[in-house]
Amino acid sequence: MLFSKALIPTLKETPADAEVASHQLMLRAGMIRKLAAGIYSYLPLAQRVLQKLKIIIREEMNSIDGQEITLPAVQPSEIWEKSGRWNIYGKELLRFKDRNNRNFCLGPTHEEVITDLIRREVKSYRELPLTLYQIQTKFRDEIRPRFGIMRAREFVMKDAYSFDRDEAGAEESYHKMYQAYTNIFERCGLEFRAVEADTGSIGGSFSHEFMVLADSGEDVVVYCEGCGYAANLEKAEVKPPVGLLENESLKNLEKVHTPEQKTVDEVTNFLGITPDNLIKTLIFDTDKGPIAVLVRGDHEINEIKLKNLLGCEYLLLADDDTVEKVTGAPRGFAGPLDLNIPVYADNILKGATNMVTGGNGKDVHYKNVNEPRDFKTTRFADLRTAEEGDPCARCGKPLHMRRGIEVGHIFKLGTKYSKSLHATYLDQAGKESLIVMGCYGIGVGRTVAAAVEQHHDKDGIIFPKALTPYQVLMLPININDEILRKAAFQMYDKLSQAGIEVLFDDRDERPGIKFKDADLIGIPIRITIGSRNFERGKVEVKYRESGKMELIDSEKTVKYIKGFFNKKI
RNA sequence: CGGGGCGUAGCGCAGCCUGGUUAGCGCGCAUGCCUUGGGCGCAUGAAGUCGGGAGUUCAAAUCUCCCCGCCCCGACCA
């Protein structure tokens, strides 16, 4: 491709509304442009990168017998009503009516459509297992789109669905998919981790997220170097403490006056204690009525764990009125003593001695509260958010944390959708059974953004070999020098004929501009053709990643480039 | 949805508080000259419903009200 004919509108300055590196660089490199909040156009350079990723994805999907399909983006409300998600999905689901006043939505995901299709078309165990996938634009009316195409409203996603006769089959499909995902992200040259995840609103029994590690990631990856355990922060389990409690003598319960001391900071400062000597009591409203939850003062409650423990749909920190009704005190003075609602406590509080808690009265706290002497606990469980250094639930070694970008998510769905949408088959005995499903997503655009996020420097993008829009950027110093011009075009033809993807910067621009653009766009190899070197039959090769430069015989360019790209990753 | 901020040429911004020339600056763009190994120099030029509407005023980019769009923080989320 001739640069002079390409639509690659690079920007010298960083647009004001771009915050993270990938967003800034993709705008500056002329890859994307915004049309509306969270809605982007993909320009040629981005299109080529997306295309490369899609090819990798297709190869890996096909290799596990996935079959590509295309499902409708516009979906009727009926199937969503059947699955029950028309009401639950909320505002994220963009709804509208057609001319006949029928309800439709723009597909945020395709479980309903695919299950409906399979329900009609698959009747016998002989037709299972089956894995189908598509690469398609989805729409989710995100509350707050941000970070360019990392969290957009309209975005390209690869979604796959597996259909099996039974649980064992579904697990096999899941594991194949897990392997395919691992292959995909490895081939992309990304540093990532597969982590255990909560199943969220999609439902189902287990799930992994594929996280590209990057400091700017929105999610936190918790991992253990001892046993390889990895989970996202919502899910990461903390090992219950064993035998850690010192045999401190139990002191007498004492009521203290704590005027206007409500927060953990205030109370601990006022009483001259540290937060780990305090029990934080939080009142939650749930669909099963109000409950109290206890965690240590220096810990954070994990609402996902709590929700899963209780098995409830609705869970929200109670408002002031409820707190007052339940504890008899304003917010800030709740404690577990004499509460007549269920009390759930984090594992670490089991047998806790001489703690401070709220006194369930205005300006009152208790000192020397002891479990179980002074209050009853309905149940102990792992209810807090893991922290750096906490013991791993599997092996006890300290947990570590890094930030990550979720680029893939796989779920074993079970029969959630086949049940609600009646997707069944007849087994060998002629008995009707529910199809067991799995669903598997990859954020295609987000993966590209994550690649940029992970691979860039102050000068611009550094594309991994597998995703680069072009393999080589040719940069003649002076296109008006007839000899150079001719030689450069000859080399361009030669490389192109050898099957190398070349972006040839034939623009009549000053070298500085071309060098800056070359660094910004981030093609792995730059071939610079200058008159002094060329007179000696040499061209300069510069590697974008390492910054290394070397002079090579211009005759050997093709071989050289091929050698570079044949090396793994 | 709550809190904060922004909207002036393609991009980045000044001007607004304290209303009053022809609305500026840098980059980009066009043309010419010059230059050619890291966003070069000189000259000329095109380009603006000052987000939209209503109002106050002799006079509004500037003051008031309403609306729209966008960004940040939070809640939320495969």
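Residues numbered from 1 in each chain as written. Chains lettered and ligands numbered in written order. Predicted model: local features only at pLDDT ≥ 70, side-chain atom pairs only at ≥ 80, totals over all residues. Heavy atoms only, no water.

### Comments concerning the packing of aromatic side chains
We count it as follows: Pairing of aromatic rings covers Phe, Tyr and Trp, the last counted by its six-membered ring, and requires centre-to-centre distances within 6.5 Å; plane angles under 30 degrees mean stacked, over 60 mean edge-to-face, and any other angle means tilted. Helical segments are the DSSP runs of H or I of at least four residues, strand segments are the runs of E of at least two, and each set is numbered from the N terminus. With a 1.4 Å probe rolled over the protein chains alone, any residue whose accessible area is under 20% of its type maximum counts as buried; one over 50% counts as exposed, and the rest are partly exposed.
Under the criterion given, the structure shown has 13 aromatic pairs. With 6.2 Å between their ring centres and 80° between their planes, Tyr181 and Phe185 make a pair best called edge-to-face. A residue pair is termed a helical-turn pair when its members lie 3 or 4 positions apart in one helix, as Tyr181 and Phe185 do in helix H6 (residues 167–187) at four residues. Both residues of the pair, Tyr181 and Phe185, belong to the buried class. Summarising the aromatic geometry, the rings of Phe489 and Phe504 are spaced 4.9 Å apart at their centres and angled 80° between planes, so their arrangement reads as edge-to-face. Taken as a pair, Phe489 in helix H12 (residues 482–497) and Phe504 in strand E28 (residues 502–504) lie far apart in primary sequence, 15 residues in all. By relative accessible area, which is 0% here, Phe504 ends up buried.

### A closer look at the side chain of Arg140
As a reminder, the rule being used: Under the counting rule used here, the positive set is Lys and Arg, the negative set is Asp and Glu, and His together with the chain ends is not counted. What counts as a salt bridge is simple: a side-chain nitrogen of Lys or Arg found within 4 Å of a carboxyl oxygen of Asp or Glu. Definition of a polar contact: a pair of N or O atoms within 3.5 Å, with one able to donate and the other able to accept a hydrogen when the atoms are protein atoms, and with sequence-neighbouring residues admitted only if both atoms are side-chain atoms. Note on definitions: a residue-residue contact is assigned when non-hydrogen atoms from the two residues lie within 4.5 Å.
Tracing the backbone through its elements, the reader meets Arg140 in the loop between strand E7 (130–139) and strand E8 (154–164). Buried and unpaired, Arg140 has Glu92 as its nearest opposite-charge partner, separated by 4.7 Å. A polar side-chain atom of Arg140 sits 2.7 Å from the main-chain carbonyl oxygen of Pro108. Sequence-distant contacts of Arg140, defined by excluding residues within four places in its chain, comprise Tyr89, Glu92, Pro108, Thr109, Arg153, Phe155 and Met157.

### Considering the sheet that holds strand E13 (residues 254–257)
What counts here: Note on pairing: two strands pair once DSSP finds at least 2 bridges between them. Angles here are taken between N-to-C directions and fall from 0 to 180 degrees, while the axes themselves are lines fitted to C-alpha atoms, restricted in helices to the stretch in contact.
Pairing within the open sheet is antiparallel, and its three strands lie in the order E13-E19-E18. Only two strands of the sheet have a single neighbouring strand rather than two, namely E13 and strand E18 (355–358). The sheet shows a mean angle of 30° between the axes of neighbouring strands, taken without regard to direction. Note: E18 against strand E19 (residues 364–369), three bridges, orientation antiparallel. Residue Gly358 lies in a different strand from E19, and its bridge partner there is His365.

### Brief notes about unusual backbone geometry
The step from Leu128 to Pro129 runs through a cis peptide bond, and the omega angle for that step is 0°. Structurally, Pro129 is set in the loop between helix H5 (111–121) and E7. Of note, the amide linkage connecting Glu371 to Pro372 takes the cis form, showing an omega dihedral of 0°. Within the fold, Pro372 resides in the loop between E19 and strand E20 (379–381). Backbone geometry places Asp338, a non-glycine residue, at a positive phi of 60°. Here Asp338 lies in the loop between helix H9 (320–327) and strand E17 (343–346). Even without being glycine, His422 reaches a positive phi, approximately 60°.

### What to know about empty space enclosed by the protein
If a probe the size of a water molecule is rolled over the atoms, the empty space left behind becomes visible. We apply this condition: Two kinds of site are reported from a 1 Å grid over the protein atoms alone, namely cavities, where a 1.4 Å probe fits but cannot get out, and pockets, open sets with protein on both sides within 12 Å along at least five of seven lines, and residues are called lining when an atom falls within 4 Å of a point. Grid points are joined across faces, edges and corners, and a volume is the space filled by probe spheres set on the points. Side-chain classes follow a simple rule in which Ala, Val, Leu, Ile, Met, Phe, Trp, Tyr, Cys and Pro form the nonpolar group, Asp, Glu, Lys and Arg form the charged group, and the remainder, Gly included, forms the polar group.
Inspection of the entire model under this criterion finds one cavity of 30 Å³ or more. Computed from the structure, the largest cavity encloses a volume of approximately 70 Å³. Along its surface, the largest cavity is lined by Leu473, Ala518, Asp519, Ile523, Pro524, Ile525, Arg526, Lys542, Tyr543 and Arg544. Looking at the lining of the largest cavity, the elements with two or more residues in it are helix H13 (511–521), strand E29 (525–529) and strand E30 (538–543). Class assignment of the residues belonging to the lining of the largest cavity gives a composition of six nonpolar, no polar and four charged.

### Comments concerning the sheet that holds strand E16 (residues 315–317)
The pairing of strands in a sheet happens through backbone hydrogen bonds and is either parallel or antiparallel. With mixed pairing, the five strands of this open sheet are ordered in space as E16-E14-E15-E17-E20. Where the open sheet ends on each side, the last strands, each with one partner, are E16 and E20. For this sheet, the mean angle separating the axes of adjacent strands, direction not counted, is 30°. Where strand E14 (residues 279–286) meets strand E15 (residues 291–296), six bridges bridge the pair, whose relative direction is antiparallel. Bridge pairing links Ile283 to Ala292 in E15.

### Observations regarding the confidence of the model for chain A
Applied cut-off: Confidence of the predictor at the level of single residues is given by pLDDT, which spans 0 to 100.
Confidence in the prediction of chain A, expressed as mean pLDDT, is 91, and 98% of residues score 70 or more. Across chain A, element-level confidence peaks in strand E3 (residues 66–68) with a mean pLDDT of 98 and bottoms out in E16 with 80.

### Some thoughts on H9
Where we set the bar: To obtain the arc, one takes the directions from the helix axis to the C-beta atoms.
Among the residues of H9, those classed as buried are Thr322, Val323, Val326 and Thr327. Buried residues of H9, seen end-on, are gathered within an arc of 105° and therefore sit on one face of the element. For H9, the exposed residues lying more than 90 degrees away from the buried face are Asp321 and Lys325. On its buried face, H9 is in contact with E14. Looking at the residues trailing H9, positive phi occurs at Gly328, about 75°.

### Re the state of the cysteines
Here, the word disulfide means a covalent bond between the sulfur atoms of two cysteines. The criterion, for reference: Whenever a pair of cysteine sulfur atoms sits within 2.5 Å, that pair is classed as a disulfide.
Overall, the coordinates contain zero disulfides when judged by the stated rule. Looking at Cys224, it has no disulfide partner, and the nearest cysteine sulfur is the one in Cys395, 3.4 Å off. Residue Cys224 is classed as buried on the basis of its relative accessible area, which comes to 3%. With no disulfide of its own, Cys227 has Cys392 as its nearest cysteine by sulfur position, at a separation of 3.7 Å.

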